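A closer look at the structure
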Amino acid sequence: MHKNTICLWYDGDAEDAARFYAATFPDSRVGAVLRAPGDYPAGKEGDVLTVEFTVLGIPCLGINGGPVFKHSEAFSFQVTTEDQAETDRLWQAIVCNGGQASACGWCKDKWGLSWQITPRALTEALADPDRAAAKRVFDAMMGVVKIDIAGIEKARRG
């Protein structure tokens, strides 16, 4: 057991989400699946109650808590990518699997969980000591959905 685990609420499909994350992101896996030992008001014996999983090395617990709570942008995973190919692969995996594109490198998976697919080049460019270059990068980022590294580098150069 970890001292700190991110707990994510799902409406009956925590195991599907965990398996998708494990198949999509490196250093990710599905661990223990806890099933109900008997019938209960919201389900039946054998239904999945919780799923332990790891996303990019971060321990998580998916709870099948029902439809009461939904994910929001107030919580997101920020995934640092090394190149455009990795950015595109992760973005497409999320958006093309029932997810939804947003803005500035954000997207949601089909369970409503938000992801920031963030190339390292973007983070470095935003931190450029040349504040005019950083502002150009910021403005370029604000105008896109998925981050395009070539566009970021072009904006940085002016």
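Residues numbered from 1 in each chain as written. Predicted model: local features only at pLDDT ≥ 70, side-chain atom pairs only at ≥ 80, totals over all residues. Heavy atoms only, no water.

Counting buried residues along strand β3 (residues 48–55), 6 of its 8 residues qualify, which places the element largely inside the surrounding structure. The pairing of strand β2 (residues 29–35) with β3 spans 5 bridges and is antiparallel. Counted as the bridge partner of Val-30 is Phe-53 from β3. Bridge count between β3 and strand β4 (residues 58–64): 6 bridges; the pairing is antiparallel. Note that in β4 the partner of Phe-53 across the bridge is Cys-60. Remark: 2 residues form the turn of the hairpin made by β3 and β4, two consecutive strands paired antiparallel; Leu-56 in that turn has positive phi of roughly 50 degrees. (Buried < 20%, exposed > 50% of the residue type's maximum accessible area, 1.4 Å probe, protein only. Helix = DSSP H or I, 4+ residues; strand = E, 2+ residues; numbered from the N terminus. Pairing = 2+ DSSP bridges.)

A separate point is the sheet that holds strand β6 (residues 100–101). Pairing is mixed in the open sheet, where 4 strands are placed in the order β5-β8-β7-β6. The open sheet terminates on both sides in strands that have one partner only, identified here as β5 (76–81) and β6. When strand β7 (residues 106–108) meets strand β8 (residues 114–119), the two strands line up antiparallel, connected through 3 bridges. Paired with Trp-106 across the strands is Gln-116, a residue of β8.

Turning next to the side chain of Thr-24. Mapped onto the elements, Thr-24 comes out in helix α1 (residues 14–24). From its side chain, Thr-24 meets the backbone oxygen of Phe-20 in a polar contact 2.8 Å long. (Polar contact = N/O pair within 3.5 Å; in protein donor to acceptor, adjacent residues only side chain to side chain.)

By the element assignment, Leu-56 lies in the loop between β3 and β4. For the pair Leu-56 and Glu-86, spaced 30 residues apart in sequence, the C-alpha separation works out to 14 Å. Not counting chain neighbours up to four residues away, the residues in contact with Leu-56 comprise Phe-25, Pro-26, Asp-27, Ser-28 and Val-79. (Contact = heavy atoms within 4.5 Å.)

None of the figures reported here should be taken as evidence of function without further support.
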